[in-house]
Amino acid sequence: MGPAVGVPSRPPLRGEAGERRTLVVGRGISLQGTVTDAERLVVEGTVESQMIQASELFVAQSGICKGELQVEDAEIAGLFDGTITARNSLVIRASGKVNGTARCRKLSVEEGGQVSGQMEMLTEAQAAAAPRAAVPAPVIPAPAEA
């Protein structure tokens with residue numbers, strides 16, 4: 001049986017090579033654990049982690065993020081509590097609050113944004129030496145023994 005007359009066929013699904021691996025922790029959701037392979041982490045709920053490695057972090061106004069993070073760029077509009085290393089830029093919005101240790105190359109704090117704790121500005125050499133998020137090697141199964 002063919003497609004119904006007048007109803008367009010569904011376009012084929014295709015992945016884009018430029019798509020970013022994004023993890024969104026929605027409002028009202030709590031996540032505890034280690035995040036290592038997300039390129040972009042969006043926190044609208046609560047995240048508690050011993051280690052998060054991602055390229056980008058965005059903590060929404062409703063978001064709470066606690067733990068140790070290593071990212072390229074971070075934007076905090078909610079609450080961050082812990083240690084954050086942004087190898088490039090850290091932006092703290094007017095509604096944002098950072099408690100703990102923050103390390104970055106470039107810092108921007110909007111009027112009303114808060115930083116409580118220790119602030120370290122990284123040089124280009126320090127940012128380059130900071131550990132990067134690891135991209136896991138593909139797992140190739142060993143051949144079965146006969």
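Preceding this paragraph is the structure being described.
In this report, the structure presented in the accompanying data block is examined. Remember, predicted model here, so these are calculated numbers, not experimental data.

With that settled, consider the pattern of salt bridges. In total, this model carries six salt bridges according to the counting rule given. With a closest N to O distance of 3.3 Å, Glu-120 and Arg-103 form a salt bridge. With Glu-120 in strand β9 (residues 114-121) and Arg-103 in strand β8 (residues 97-109), this residue pair connects regions lying 17 residues apart in the sequence. Residue classification places Arg-103 among the partly exposed residues on the basis of a relative accessible area of 26%. When salt bridges with common partners are traced through the structure, they connect Glu-75, Arg-93 and Glu-110 into a single cluster.

The next point concerns a nonpolar patch on the surface. On the surface, Leu-107, Val-109, Val-115 and Met-121 cluster together into a nonpolar patch covering about 300 Å² of accessible area. Of all the secondary-structure elements, those providing two or more residues to the nonpolar patch are β8 and β9. Position of Val-109 relative to the elements: it lies in strand β8. By relative accessible area, Val-109 is classed as partly exposed at 37%.

Reading the values: the criteria
Residues numbered from 1 in each chain as written. Predicted model: local features only at pLDDT ≥ 70, side-chain atom pairs only at ≥ 80, totals over all residues. Heavy atoms only, no water. Salt bridge = Lys/Arg side-chain N within 4 Å of Asp/Glu carboxyl O. Helix = DSSP H or I, 4+ residues; strand = E, 2+ residues; numbered from the N terminus. Buried < 20%, exposed > 50% of the residue type's maximum accessible area, 1.4 Å probe, protein only. Patch = residues over 30% accessible without salt bridge, like charges linked within 9 Å, V, L, I, M, F, W, Y side chains within 5 Å. Areas by Shrake-Rupley, 256 points an atom, 1.4 Å probe, with all protein chains shown as cover.

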